[in-house]
Amino acid sequence: MRVLKFGGSSVANAENINKIVSILEDRLKKEKLIVVVSALGGTTDALLNSIVLASEGNDQYKEELQKIETRHLEMTKQLIPIAQQSRVLSMVKQHCNEIEDICNGVFLLQELTSRTKDRIMSYGELLSSQIIAAKFESIGFKNKWVDARKIIITNSNFENAVVNFDVSNPKIHSFFHDATETFFIVPGFIASDKNGITTTLGRGGSDYTASIIAAAVDATALEIWTDVSGMMTADPRLVSNAKIIPNVLYREAMELSHFGAKVVYPPTIQPVMRKNIPVWVKSTFNPEHHGTLIENENTATKKSSNSVRGISSINKIALLSLEGSGMAGVPGFSKRLFETLANEQINVILITQSSSEHSICVGIEEAAAEKAKLAVDAAFALEIERLVVEPLIVEKDLAIIALVGDKMKSHPGISGKMFSALGKNGINVRAISQGSSERNISAVISTNDVKKAVNVLHEEFFETTYKQVNLFVVGVGNVGSRLLSQLLQQNSYLQKNLRLSLRVVGIANSRKMLFNSNGIDLENWKELLQEGDTMNLAEFVNTIKTKNLRNSVFVDVTANKEVAKHYAEILEKSVSVVACNKIAASSSYSYYEKLKNLAREFNVHFLFETNVGAGLPVIGTLNDLLLSGDKVNKIEAVLSGTLNFVFNNYDGKATFSDVVRQAQDEGFTEPDPRLDLSGVDVVRKIMILARESGEKIDMEDITNNSFMPPECMEGSVDDFYNCMEKYETHFKSILDEANKAGKKLKFVATYENGKASVGLQQVDSSHDFYHLYGKDNVVVFYTNRYTGQPLVVKGAGAGADVTASGVFADIIRAVRI
């Protein structure tokens, strides 16, 4: 004998009920079946809503009842041949008249009891089960409809009755074993008390009905047919790539269902577990799929090596904290707290207590929080008055996430891995609970963090393919657009070789901004951005925070001071910052230090490799030297690709102004070339290197020996070029002096003994800078280890492609470290 339960979308409409028929047709010829069914999808809620409207004196309930009646009548007409409809339609009409009579009475009295609610809600299963029974009769499958109220007896705790197994089991066993029929259809969810009054087993109780019957008749198996192909590693509504769990232990299934896995109603497992009856969870819409098999330890544990079996969550949790100096070492406080909650019929979901005994914390449903506070404060009124206990602290808008797995107890480090993953993504844990069985590790977090947390943990424990990284990119000009092209080009390589999937979820320029949590199509981003919303920087940053995506990185490819001002709040949200924009790292030392400290505090990264040397590994090399214990004594560098290009190309044949204009035309200068020619950009870069070396230094501490006439630094960019034409003899004399000495001109930055300076220098052929061509940069590190022969980093120090590649490298560094 086998018991099957059909519910959810499986009984939502005629088409789906016909799928049930297809599943059972062949099996009915081979074995004895007991089929338990739920109400048509949404019917229980509709019935409950109708009776509540009636109790409020709202005659809208009549329209709701009409919809329920029409739906069941139409369902009957779709499923049953016309010649056989009369009896079934009469049954539907009779039940609907009874429902209306009850609602009319409640409407007149405007009084609604739990007993009446149970009576009303029972009609959903009574109707659906008899319609389905009639369907099978109409196609030649004889069956016996069984009223569950006659065989399942409970107490009188209406809406969530407790089964009396001592009475129910013999009734169920004798009924089905004595029956001559081989096919039974039973309404789930409903039962009755000893007086024959209708009770219900709690929402989702049809699973429980099937389990009670399966255990009582010693069924060969229990099958729960629903709209998903089994229990999953996480809620598929939260995790897009959640996986079916093929095998799971009874105890694991109980933990997962308790903590929010809605595929199986929590009490369902207990009766069949006692009898060691295997439970299959399968999908009506994909009957050939293996589904999930819930079984005993001996078989299930051999079929999976995963220490964590699944991740569940419960929303709408309130945390109650009873605290006070007078609790320490005094027996009875916990007992009184739990007694008080029990007397108010408040279920405790999670418990945690500090070892100092100064506080005890419990998680309950948020809806019961106010009732709990009133009751607990009243129970401890004397202690509160004497100031030995604080009034009950209630925190709302919380959720519980739980890792479940029977093998976790034999795998050290699971909890460390769990909380490390949450911490890296800025998810604050309010409370922790772990049973002595080590089968479950639960944490209380903010409701706003649930989706992010479940995805983070699923990625940590179940993803064998890749790590999902979410990028927000501001600035899609020359460098930014090249970065997006490189991200598109390297996507498959990164997935294959680094198991990383970089997904751009936000893009902005100075005019427009665009978001897509599933990833922006990088082949068409320009067209999509044009159709985006008007750019608002504060709104862009707020969207990053509200989306709250895991493994997020903010990428600044602008030179905008306002963007740099938002770094702190982004880091505080546990989002790494990759900055091509050098304003933040070269701002006041206090702000630079604040950003570095925030990155450490929130376990993220503030990276700005391209601030010095574009794509050259300058800052990374410097950091590696310091991390390995070396000490930087001196830095010499040519840090302006623009100035190097200018002085490599200025030979006196063309004017200095024309060479600068050529550099600007070829994209080697800032939009305002005075920033390059003034040496201010180089000052910023050597200051960044000095800071990264451990020096507390600001812009005003650095000597700038500018070669530019002060007059040329005033007015517009056009004025700047005109002024350089005017001072051509000045520039020519600098060049001639160097040529006469057989030397070249290089704009050199130096840091030594806590002092930094920049300026134009003449270098001879023996110098490392002499053979520096085009737009190349060079940085020379003199350290305790690199003394006579310094460490030299040399290469292209400007250009969109190399700069974009440097930003790209920082992104990879941010998500892999």
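Residues numbered from 1 in each chain as written. Predicted model: local features only at pLDDT ≥ 70, side-chain atom pairs only at ≥ 80, totals over all residues. Heavy atoms only, no water.

Trainee: What's the story with the side chain of Thr209 in this structure? I'm lost.
Mentor: Residue position: Thr209 is located in helix α7 (residues 205-216). Non-local contacts of Thr209, meaning those with residues more than four positions away in its chain, are made with Val36, Ile152, Pro187, Gly188, Phe189, Ile190 and Leu201. (Helix = DSSP H or I, 4+ residues; strand = E, 2+ residues; numbered from the N terminus. Contact = heavy atoms within 4.5 Å.)

Trainee: Where do I start with the state of the cysteines in this structure?
Mentor: Covalently bonding the sulfur atom of one cysteine to the sulfur atom of another cysteine gives a disulfide. Evaluation of the coordinates by the stated rule reveals one disulfide. Linked covalently through their sulfurs, Cys712 and Cys723 form a disulfide whose S-S length is 2.3 Å. Between Cys712 and Cys723, the S-S torsion sits near -80 degrees, and that sign places the bridge as left-handed. Taken together, the residues span a long stretch of sequence, with Cys712 in the loop between β26 (702-705) and α27 (717-726) and Cys723 in helix α27 at a distance of eleven residues. Note on Cys712: relative accessible area 0%, which makes it buried. The exposure class of Cys723 is buried, given its relative accessible area of 7%. (Disulfide = S-S within 2.5 Å. Buried < 20%, exposed > 50% of the residue type's maximum accessible area, 1.4 Å probe, protein only.)

Trainee: Just checking my understanding: could you explain the sheet that holds strand β27 (residues 744-752) for this structure?
Mentor: Strand pairing in a sheet is mediated by backbone hydrogen bonds. Such pairs are either parallel or antiparallel. An order of β26-β28-β27-β25-β29-β30 is seen for the six strands of this open sheet, with the pairing classed as mixed. Looking along the sheet, the strands with just one partner apiece sit at the ends: β26 and β30 (791-796). On average, each strand axis in the sheet is tilted by 20 degrees relative to the strand beside it, whichever way the strands run. Helix α26 (residues 680-692) contacts β25 (632-638), β26, β27, β28 (755-763) and β29 (776-783) of the sheet and is inclined by roughly 35 degrees relative to β27. (Pairing = 2+ DSSP bridges. Axes fitted to C-alpha atoms, helices over the stretch in contact; angles between N-to-C directions.)

Trainee: Mind showing me how you'd approach the pairing of β28 here?
Mentor: Two faces, one strand: in a regular strand the side chains alternate between the faces of the sheet. Where β26 meets β28, four bridges bridge the pair, whose relative direction is parallel. Looking across to β28, one finds that Ile702 is bridged to Ala756. As paired elements, β27 and β28 share nine bridges and run antiparallel to each other. Considered in β28, the bridge of Lys746 is made with Gln761. Linking β27 to β28, which pair antiparallel, is a turn of two residues; within it Asn753 sits at a positive phi near 55 degrees.

Trainee: Explanation requested: empty space enclosed by the protein in the structure shown.
Mentor: Scanning the model with the defined rule gives one cavity of 30 Å³ or more in all. Estimated volume of the largest cavity: approximately 30 Å³. As for the largest cavity, its lining consists of Phe647, Tyr650, Phe656, Phe707, Phe731, Ile734, Leu735 and Leu745. Top contributing element to the lining of the largest cavity by residue count: helix α28 (residues 728-740), with three residues. Here the residues of the lining of the largest cavity are counted per class, giving eight nonpolar, no polar and no charged. (1 Å grid on protein atoms, 1.4 Å probe; cavity = no way out; pocket = protein on both sides within 12 Å on 5 of 7 lines; lining within 4 Å. Points joined across faces, edges and corners; volume = space filled by probe spheres on them. Nonpolar A, V, L, I, M, F, W, Y, C, P; charged D, E, K, R; others polar.)

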